[in-house]
Amino acid sequence: MENAVKEIKKLNFTSAPVINEVSDWQSTVKEVKKIVEKKADSSLVSAEPSEFFVDSNELPSGRFYTNIKSAHLECFFKQGALDYLIVFFSGSRSRGGKNLAPYPTFSSWSWYKDVNASVLCIDDPMYNTYPQIALGWFYGTDTDNFRQDTAVLIKKIASLLGVPDKKIILYGRSGGGTAAVAVSDFIDGCCVCAINAQYDLENYKWYSKEFAQIARVDYSSDEFKKRNDFAGIIKSHPKSTYLLIENLFSDIDMEVQFHYLKKRFNFETRYGINSDSNMFLWLYAAWGVFAAHNSFDSVPLFKNILEIIIALSNGVSVQQVNVVALAANDYWFEHYNHMKKRSQYEKEIARLNKQLNEEAKQNSALKKEYAYLNKSLFTRIYNVVKKYFKKYLLKK
């Protein structure tokens, strides 16, 4: 416990920042905003990438790419002062319908501003190999395992930083979480956080068919089964710490992915964290604006998750970390509940505005029709009167 507290205290967000003393309230607000409204430098991620070679003795800077065998890895890196390396894996490229996110896209790249650890973001090399694919899980080809290639890069950067494997944190959501668990097979002793990840790829109804067709994957092959034996990976690395987070309100996660874990590990279903050896399952509940599956972490939750995974990797008990996890669960639910309500209100306001606009158009049309009829009536009366007087004058 003592060592865990020591490690957590290294995180820059665990100590209360000092607010400079000022004379008036407005100045105080400005000082506080400097703390709570930190901005990431977007020029870092939009810069032209440079090539990094895995035999280099110098760290990459900002945007870079590297080629390891047939894997082309697009990356973003920001060095921190802490002896931890957090690796963010990109998930699905889908953005609704047939739209795909631009390649490359770096998950949580801006969060470097919120933590003093080094941050490495890696986009899925499958999107370079198969440009039309929407979800690739860092899988690779028949002959090349991109997950192993990705691990080579991560270990190289960790080595240049002087970060031991135990302090490498592989972090991903959905398909990125799947990649985090898979890559851990090649970094023994690391930490993994996977939020609403897919473990049963063959039965992932949203994209299993398309994935197999585009990437030419045979689900029955020994190679596929070997690469995607996620329970086997977790059990074969007892020195590694796996924090798997699942949303109880997400049907596509609970019906298949949770069932996969339940069948292969021994744990009670609890609202919070429970464990089986080095596998820690955290269950939360949050409605999604579009889908509960996408109710991922925000920066405050990310900070809680970092504290918890560091604590667990240093031997802190499930009972102790649940003090933080249960409070985080309350925030998780409220955060997305408010977002959903806001979305519903915005939709209702949009509907009412549309209705008012339609009614305004109808009123406008009625006014025009009234004006026309009124004018027409006046014209008819005028013509009758004119005709009458003309006839009268002719009689005279």
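Anything mentioned here points back to the structure above.
Residues numbered from 1 in each chain as written. Predicted model: local features only at pLDDT ≥ 70, side-chain atom pairs only at ≥ 80, totals over all residues. Heavy atoms only, no water.

J.: I keep staring at the overall build of the protein chain and nothing clicks. Help me out?
T.: Tallying secondary structure elements over the protein chain gives twelve helices and ten strands in all. Each of the 396 residues in the protein chain was classed as buried or not, and the buried ones make up 47%. When contacts within the protein chain are restricted to residue pairs at least 6 apart in sequence, long-range pairs at least 24 apart make up 69% of them. Here the protein chain has roughly 21,200 Å² of accessible surface; of this, 53% comes from carbon and sulfur atoms. (Helix = DSSP H or I, 4+ residues; strand = E, 2+ residues; numbered from the N terminus. Buried < 20%, exposed > 50% of the residue type's maximum accessible area, 1.4 Å probe, protein only. Contact = heavy atoms within 4.5 Å. Areas by Shrake-Rupley, 256 points an atom, 1.4 Å probe, with all protein chains shown as cover.)

J.: How should the packing of aromatic side chains be read in this particular structure?
T.: Inspection of the entire model under this criterion finds 24 aromatic pairs. Considering the side-chain rings of W111 and F302, the 5.0 Å spacing of their centres and the 45° angle between planes classify their relative orientation as tilted. Within this pair, whereas W111 is found in the loop between β4 (85–89) and β5 (118–122), its partner F302 is found in helix α11 (residues 299–313), the two being separated by 191 residues in sequence. No difference in accessibility class separates W111 from F302, as the two residues are buried. Judged by centre distance (6.2 Å) and plane angle (55°), the rings of Y204 and W206 are tilted. Classification of Y204 as buried rests on a relative accessible area of 6%. Judged by its relative accessible area of 39%, W206 is partly exposed. Among the aromatic residues, those joined into a ring-pair cluster are W137, Y139, Y204, W206, Y207, F211, Y219 and F224. (Phe/Tyr/Trp six-rings, centres within 6.5 Å; stacked < 30°, edge-to-face > 60°.)

J.: What is the right way to read the nonpolar core from this model?
T.: Taken as a class, soluble globular proteins show a tendency for nonpolar side chains to be buried jointly. With 66 residues, the main nonpolar core has L120, I154, L170, F211 and L244 as its most contacted residues. Among the elements that take part in this core, helix α5 (residues 146–161) stands out by supplying six residues, more than any other. (Core = buried A, V, L, I, M, F, W, Y, C linked by side-chain atoms within 4.5 Å.)

J.: Before we go on, may I ask you to explain helix α7 (residues 208–215) in this structure?
T.: Each α-helix winds once per 3.6 residues, and so residues spaced three or four apart point in a common direction. When we look at burial in α7, the residues that qualify are S208, F211, A212, I214 and A215. The elements touched by buried residues of α7 are α4 (126–129).

J.: I would appreciate a short explanation of the environment of L153 in the present structure.
T.: By the element assignment, L153 lies in helix α5. Linking L153 and F53, residues 100 residues apart in sequence, is a C-alpha distance of 9.1 Å. Residue contacts for L153: discarding those within four places in its chain leaves F52, F64, T66, I68, L73, C75 and I122.

J.: Explanation requested: the layout of surface pockets in the structure shown.
T.: Of the voids in this model, the largest pocket is the one considered here, and its volume is about 810 Å³. Forming the walls of the largest pocket are 37 residues, and the residues nearest its centre are S92, S94, R95, N294 and F296. Here the lining of the largest pocket is composed, by residue class, of 17 nonpolar, 14 polar and six charged. (1 Å grid on protein atoms, 1.4 Å probe; cavity = no way out; pocket = protein on both sides within 12 Å on 5 of 7 lines; lining within 4 Å. Points joined across faces, edges and corners; volume = space filled by probe spheres on them. Nonpolar A, V, L, I, M, F, W, Y, C, P; charged D, E, K, R; others polar.)

J.: Teacher, can you tell me more about the side chain of S108 here?
T.: Among the secondary structure elements, S108 is positioned in the loop between β4 and β5. At 2.9 Å, the side chain of S108 and the side chain of R173 are in polar contact. In this view, S108 contacts F88, C121 and R173; residues no more than four positions away in its chain are not counted. (Polar contact = N/O pair within 3.5 Å; in protein donor to acceptor, adjacent residues only side chain to side chain.)

J.: In this structure, what is going on with the sheet that holds strand β9 (residues 272–276)? I would like to understand it.
T.: Note on sheets: strands pair through backbone hydrogen bonds, and any given pair is parallel or antiparallel. What the ten strands build is an open sheet, ordered β1-β2-β3-β5-β4-β6-β7-β8-β10-β9; its pairing is mixed. Every interior strand has two partners, whereas the edge strands, β1 (50–51) and β9, have only one. Most of the contacts of helix α10 (residues 251–264) go to strand β8 (residues 241–247), to which it runs at about 155°, and overall it touches β8 and β10 (279–284). On top of the sheet, α11 reaches β4, β6 (168–173), β7 (191–195), β8, β9 and β10; it is set at about 140° to β8, its chief contact. (Pairing = 2+ DSSP bridges. Axes fitted to C-alpha atoms, helices over the stretch in contact; angles between N-to-C directions.)

J.: Hey, could you run me through the pattern of salt bridges in this one?
T.: Side chains that carry opposite charge are capable of pairing whenever their charged atoms lie near each other. Applying the stated criterion across every chain yields a total of twelve salt bridges. The shortest N-O distance in the salt bridge between D83 and K167 comes to 2.7 Å. In this pair, D83 sits in the loop between β3 (71–78) and β4 while K167 sits in the loop between α5 and β6, placing the two residues 84 residues apart along the sequence. Judged by relative accessible area, D83 falls into the partly exposed class, the value being 27%. Residue classification places K167 among the buried positions, given a relative accessible area of 13%. (Salt bridge = Lys/Arg side-chain N within 4 Å of Asp/Glu carboxyl O.)

J.: Which parts of the structure should I look at to understand helix α6 (residues 175–183)?
T.: Burial of α6 is extensive: nine of the nine residues sit out of reach of the surface. On its buried side, α6 packs onto β4, α5, β6, β7, α9 (230–235) and β8.

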